[in-house]
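Analysis of the macromolecular model
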Protein chains: 2
Amino acid sequence: MAWVEVRAFGRRSAIGPLDHSAPPRCRRSDPMTPNSHNNDAPVQPDEPGSVGLVTPRRVELFTPEDPLHLECGAVLAPVHVQYETYGELSAARDNAILVCHALSGDAHVAGRHRPDDPKPGWWDSMIGPGKAFDTRRYFVVCSNFLGGCKGTTGPTSIDPATGKPYATRFPMVTIHDMVVVQQRLIEALGIRRLLAVVGGSMGGMQVLEWAVSFPDALAAAIPIATTHRMSAQGIAFDEVGRQAIFADPNWRGGDYADGPPPDRGLALARMIAHITYLSEKSMHRKFGRDLRHRDRYAYNFEEEFQVESYLHYQGSRFTQRFDANTYLYITKAMDYFDLSADYPSLRVSLRRAAAKFLLIAFSSDWLFPPADVREVANALRANGRDVTYVNIESDYGHDAFLLEVDELTKLISGFLRNLLREVRAELPLPDDVPP
Amino acid sequence: MAWVEVRAFGRRSAIGPLDHSAPPRCRRSDPMTPNSHNNDAPVQPDEPGSVGLVTPRRVELFTPEDPLHLECGAVLAPVHVQYETYGELSAARDNAILVCHALSGDAHVAGRHRPDDPKPGWWDSMIGPGKAFDTRRYFVVCSNFLGGCKGTTGPTSIDPATGKPYATRFPMVTIHDMVVVQQRLIEALGIRRLLAVVGGSMGGMQVLEWAVSFPDALAAAIPIATTHRMSAQGIAFDEVGRQAIFADPNWRGGDYADGPPPDRGLALARMIAHITYLSEKSMHRKFGRDLRHRDRYAYNFEEEFQVESYLHYQGSRFTQRFDANTYLYITKAMDYFDLSADYPSLRVSLRRAAAKFLLIAFSSDWLFPPADVREVANALRANGRDVTYVNIESDYGHDAFLLEVDELTKLISGFLRNLLREVRAELPLPDDVPP
C-alpha cells in the first residue's frame, strides 16, 4: 500500500504506523506532480459520493539553502508539508480549491486511507463527487498547516540541530506563516491561481490571510465561522487551555517525548475549548440535565451528568490524536491573528484583497459570532468588492461549520459553479489589485 | 477588638488571624441576640453611606443531639454558621432582609472589620444608610452558606469523628440544605418572617429555594442574575473547573491540609469561571487585544495580552481567599440545583411560592441569561403571583449584579419601601399559601 511517512506526535501515530526506517526527508511519491487522487480506487459501496481511497503525500518545501523566514524573525528548515488532493486538476489549471483546516484538523479532509478506516476525512460530507466541493469538477487540495502534528513540520518534528523533537524550541508560527507555506505548496503543484480558498474557524483565518497576502493567487475566498482578529474572550479561553497543559506535571517544559505525555492537561484544554464549540441550546437539547446512570443524584464527584461524561470522552479522545506542545503553538497562532493590526482600520487592511467573497456565519456561534464575519463583509463592501454574506440560522454553535452540510452545500456549490463559469469566460473579476 | 473565631481554609486566614486558642465551638458573643451592628462605631469619614465597623459572629445551629439532615441522606453535626448583621431589627421584627451570597462570597457583605481593612464587604455598594438596602430602615443579615470556607461548617472544618479536616469526607450539600441552615439562623435571631430574601447568581438560587421551601417565612424574594436550574453548559464549565483541581498533584485526593494546597488547579478553575462572569463586549472594551509590555508580539508563551495577565491575577488572588475542596462542593451544589426536578413543570414546582417577586436579569449575562430569569417570572405569573421582572441593559455580563449599582438601587429601594409599607399596613399579600 502506498503509505507515505507520517511523523506522529509523541510516540503515537495519528493516522498510520510510524515508519522509522524512512529518512525524514524521503519522498516516496513525487508530490510535484499535481496528481489526481486515486479516483479509480474502489469507492466504498455504502458511500455514494465518496472520493474513495486516498493517499497522503508529503513534500519538502523549504530547505536549509532556501529556508522559511517566519514573522517572529526565526528561520526554519527543512519544512515538510503533508497534503492530500482529490479530483483532477484541469489542463488549464483553473479548478483548484485549497481547503484550510481548523485547530485540530489535518490534511485528510475526505475519503479513507484504507478500506477498513473507521472514519473518513474530517469534511468528507462536503468533498466528493456531487458534493459541495464536487470532485468531478474541482481539484481539491488540503495540507496540514505549519506547526501541526499531522505530518507537516511542527513542535513534534526532529530539530536537525539537536536530533531531538523541537518541543518548545520550535519557533512561534503565525497564520501568515502557515499561508506562506501553503502558497509554496500550491506553486509546487503548478497552480498559479486558485479558484478558491475555503476554511472554517481557524481555517477561515487562513482564508482571510490568503486574500490579503496573495491577492493574485485566488479568484474567490470562502471564510466560514471565523473572525478577522481573535477577541479578548477567545484569547482568554485559549490561555486557560494552555495553562492546563503547563500545569500537567507530565508536560515537563515540553520535553515529554521520552515519557508519558501531558494527556490530562491536554484533555482539560480540549474540554474547555469544546464548550465554546457548542451552543447553550445545542447542549441543552443534547444533554439537558440527564444523568448518566440513574434518575437520582449520586452525591459524589464521579461523572454523573451526561454532559460531564461527554466532555470527558471528548477530552480523552483528543489526547489520542493530538499533541500538547502543538496545541500550545496553534492556539498562540490564533491569538496573534489580527488582520488589521498594522493598519488604521480593517477596511484599509483589506484593500489588497481582490477575491470574490462568500462569507458564512452561524447564528448561534458565540466563539466567532456573526457580527465578526459581518464586520469583514462590510469592510470588503466598503472597498467595492464582490461580497456575499450569509448568516445561517443554526443551533449548533461554532461546530455548525462541520454540521450544517445541507445549507453549506446549497450555498457553496452554486457559488463555485458560477465562479468557475466566470473564471473560464474570463469575465473580469471585481476590481484590479491595486499596484 | 471583638473578633470571633474564624476557621480559615487550609492554613490561611481569609478575614482575620486564626485564633487557635479558641475552642472550635466557642461563642465569644451571644449570637442569639438580634443585635444591631455597631451603628455607633466610627464610620470612615471618606465613606458616606458605610455601615462602618462590623463584627462577624458565629453560632452553632445543629448539634449532635439535633443534627442537620441533608438531602444526600447524611447527617451533619455540629454545624456552625458565620454571619453578620447590619441595621436594627424593629420591635415588630418585620424589617429583616436576608442576603444570600454567591459562590465565592461570604457573610461579610458590608462595612469593614477593622479601620485599616483594605476593602469593605462584597456588596458594600448596596448596603448601608441611604443605599438600596437602607440600614436606617432594614435589618440586614448575611451568613456564609453551609459547605463554605468562611466560618460556616464545610470541607475545611474539623470532622469531630477524626479530629482532621473533613476534606472530601464532607457530605455533599445542596442549595436546599444551605437554605435549611439559613432558616435555622433566622429563627434563632427571633425572626418569624423575613421582609425579603435577596441574592445574585448562586445567591439567587438560594432565594428561589427559600420561596418554595419556606413560603411563609418571607414577604418578598429578589432573585438576581440566576436560574431555576443549572444548564448543561453551566455544569460543563463547573466540571472542567473541578477537573482542574483534581488534576493538581497537590490536591492529593483532597487531603492537602498538611501540605501545599492545590493552588494551581484552583486558580485555573477560577480563570475558567471568571470568563463566564464577563461578557465578550466588556472584555473587548476592557482589554481588547492590548499587550502587556510593548506594542509588538513577544512570540513566546509568557503572559503577553492584558487579558491573560488579568486572568492570571484573578486566579492567583482567588487562591489566597478560597479553598479548593470547598470549590468542588459548592460547584456541585450549583449543578444539582433544579427547582422543578421533582415536579411535572416549573410552574407546578413554584406553586408553593407565596412571596412577592422582583426578578432581575442583565442583558449580557450569558451564564444565567435573561431567558432563564424570565422563565421563572412567567411560571410565577401563571400561578397568579405578584411578579416584577426587569432585564437591565448592561454590558457587564454576569458580574453586572455586583456592578450595576445605580440601576439595582433604583429598582430595589423603591420595591422595598413599598413592600415595608404593605407589610406594615397588613395589606393582604398576593395569595394565601396553599395548605
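Note that the structure is predicted; figures quoted are calculated from it, not measured.

**Structural notes on helix H9 (residues 370-382) of chain A**
Residues and elements named next belong to chain A. In a regular helix each residue adds 1.5 Å, so 13 residues correspond to 18 Å; H9 covers 18 Å between its end C-alpha atoms and thus fits that length. Taken as a whole, H9 has its buried residues at Pro370, Asp372, Val373, Val376, Ala377, Ala379 and Leu380. In the segment just after H9, Gly384 is the residue with positive phi, at about 80°.

**A closer look at the environment of A:Ile186**
Residues and elements named next belong to chain A. Note that Ile186 resides in helix H1 (residues 175-188). Note on Ile186: 24 C-beta atoms within 10 Å, which makes it buried. Linking Ile186 and Asn383, residues 197 residues apart in sequence, is a C-alpha distance of 27 Å. With sequence-adjacent residues up to four places away left out, Ile186 is seen in contact with Leu98, Val141, Ile191 and Leu194.

**With respect to the relation of the copies chain A and chain B**
What relates the pair of chain copies is a rotation about an axis plus a shift along that axis. Superposing chain A onto chain B requires a rotation of 180° together with a translation of 0.0 Å along the rotation axis, leaving an RMSD of 0.0 Å. In short, the pair behaves as if placed about a two-fold rotation axis. Of all interface residues in chain A, 100% are interface residues in chain B too; the two copies therefore contact each other through one and the same surface.

**Describing the interface of chain A and chain B**
Taken together, the contact pairs 41 residues of chain A with 41 residues of chain B. Of all the elements in the fold, those that place two or more residues in the side of chain A that touches chain B are helix H3 (232-246), helix H4 (263-277), helix H5 (280-286), helix H6 (306-319) and helix H7 (324-336) of chain A. The residue makeup of the side of chain A that touches chain B, split by class, is 24 nonpolar, seven polar and 10 charged.

**Topic: H6(A)**
If you check H6(A), its first and last C-alpha atoms are 20 Å apart, about what 14 residues at 1.5 Å a residue would give, namely 20 Å. Those residues of H6(A) that fall on the buried side of the exposure criterion are A:Val307, A:Glu308, A:Tyr310, A:Leu311, A:Gly315 and A:Thr319. In this structure, the buried residues of H6(A) make contact with H4 and H5 of chain A together with helix H3 (232-246) of chain B.

**Things to note about the pairing of strand E13 (residues 356-362) of chain B**
Residues and elements named next belong to chain B. Counting buried positions along E13 gives seven out of seven residues, so the element sits mostly inside the fold. Along E13, one buried face is formed by Lys356, Leu358, Ile360 and Phe362 and the opposite face, lined by Phe357, Leu359 and Ala361, is buried too. Where strand E12 (residues 218-224) meets E13, three bridges bridge the pair, whose relative direction is parallel. Among the inter-strand pairings, Ile224 is bridged to a residue of E13, identified as Ile360.

**Re the sheet that holds strand E1 (residues 57-62) of chain A**
Residue and element names in this part refer to chain A. If you trace the eight strands from one edge of the open sheet to the other, you get E1-E4-E8-E5-E11-E12-E13-E14, paired in mixed fashion. Strands with a single pairing partner mark the edges of an open sheet, and in this sheet they are E1 and strand E14 (387-392). Strand-to-strand twist in this sheet, taken as the mean axis angle between neighbours without regard to direction, amounts to 20°. Here four bridges tie strand E5 (residues 96-100) to strand E8 (residues 139-143), and the two strands are oriented parallel to one another. Paired with Val99 across the two strands is Cys142, which belongs to E8. Against the sheet, H1 touches E1, strand E4 (79-86), E5, E8 and strand E11 (194-200), its axis set at about 110° to E1.

**Looking at the packing of H4(A) against H3(B)**
At a minimum axis distance of 10 Å, the contact between H4(A) and H3(B) shows a crossing angle of 165°. In terms of orientation, H4(A) lies roughly antiparallel with respect to H3(B). Read as a crossing pair, H4(A) and H3(B) show a hand that is left-handed. Between H4(A) and H3(B), the residues in contact are A:Leu268, A:Met271, A:Ile272 and A:Ile275 and B:Gln233, B:Ala236, B:Phe237, B:Val240, B:Gln243 and B:Ala244, respectively. Across the contact of H4(A) with H3(B), the residue classes break down as eight nonpolar, two polar and no charged.

**Quick word on the sheet that holds strand E8 (residues 139-143) of chain B**
Residues and elements named next belong to chain B. Strand order in this open sheet of eight strands is E1-E4-E8-E5-E11-E12-E13-E14, and the pairing throughout is mixed. If you trace the sheet from one side to the other, it starts and ends with strand E1 (57-62) and strand E14 (387-392), each paired once. Recorded for the sheet is a direction-independent mean angle of 20° between the axes of neighbouring strands. Pairing geometry for strand E5 (residues 96-100) and strand E11 (residues 194-200), over four bridges, is parallel. Of the residues in E11, the one forming a bridge with Ile97 is Ala196. The strands touched by helix H2 (residues 202-213) are E5, E11 and E12; relative to E12, the strand with the most contacts, the crossing angle is about 150°.

**Some remarks on the environment of B:Ala379**
Residues and elements named next belong to chain B. Topologically, Ala379 is positioned in helix H9 (residues 370-382). A tally of 22 C-beta atoms within 10 Å means that Ala379 is categorised as buried. Measuring from C-alpha to C-alpha, the distance between Ala379 and Ile127 comes to 30 Å, with 252 residues separating the pair along the chain. Discounting residues that sit within four places of it in the chain, Ala379 has contacts with Leu346, Arg347 and Leu350.

**Here we look at the domain arrangement of chain A**
Residue and element names in this part refer to chain A. As assigned here, chain A comprises domain 1 (57-233 + 340-424) and domain 2 (234-336). Inter-centroid distance (C-alpha atoms) of domain 1 to domain 2 is 25 Å. Taken together, the contact between domain 1 and domain 2 spans 30 residues of the former and 27 residues of the latter. Contributions of two or more residues to the side of domain 1 that touches domain 2 are made by helix H2 (202-213) and H3. Of the residues belonging to the side of domain 1 that touches domain 2, the class tally is 16 nonpolar, 12 polar and two charged.

What counts and how
Going along each chain's sequence as written, the residues are numbered from 1 onward. Key to labels: chains lettered from A, ligands numbered from 1, both in the order written. Per-residue local features are limited, in this predicted model, to residues with pLDDT of at least 70; the limit for side-chain atom pairs, both in listing and counting, is 80 or more; totals at the level of whole chains, interfaces and linings are taken over all residues. Each helix is a run of DSSP H or I of at least 4 residues and each strand a run of E of at least 2, with the numbering of both proceeding from the N terminus. What a helix is expected to span follows from its residue count: subtract one and scale by 1.5 Å. Each residue is classified by how many other C-beta atoms fall within 10 Å of its C-beta atom, where C-beta atoms are placed from the backbone; a count of 20 or more means buried, 12 or fewer means exposed, and values in between mean partly exposed. Throughout, a residue-residue contact means that the two C-beta atoms, derived from backbone geometry, are no farther apart than 7 Å. The copies were overlaid by least squares, fitting only the C-alpha atoms of residues that reach a pLDDT of 70 or more in each copy. Put simply, Ala, Val, Leu, Ile, Met, Phe, Trp, Tyr, Cys and Pro go in the nonpolar bin, Asp, Glu, Lys and Arg in the charged bin, and everything else, Gly too, in the polar bin. When DSSP finds two or more bridges between a pair of strands, those strands are recorded as paired. Angular values range over 0 to 180 degrees, each being the angle between N-to-C directions of two axes fitted as lines to C-alpha atoms, with helices fitted over their stretch in contact. Between 65 and 115 degrees an angle is taken as roughly perpendicular, under 35 as roughly parallel, over 145 as roughly antiparallel, and anywhere else as oblique. In this scheme the crossing of two helices becomes right-handed for a clockwise turn of the near helix relative to the far one and left-handed for an anticlockwise turn of less than a right angle. Domain ranges listed in this record stem from an automatic or a database domain assignment.

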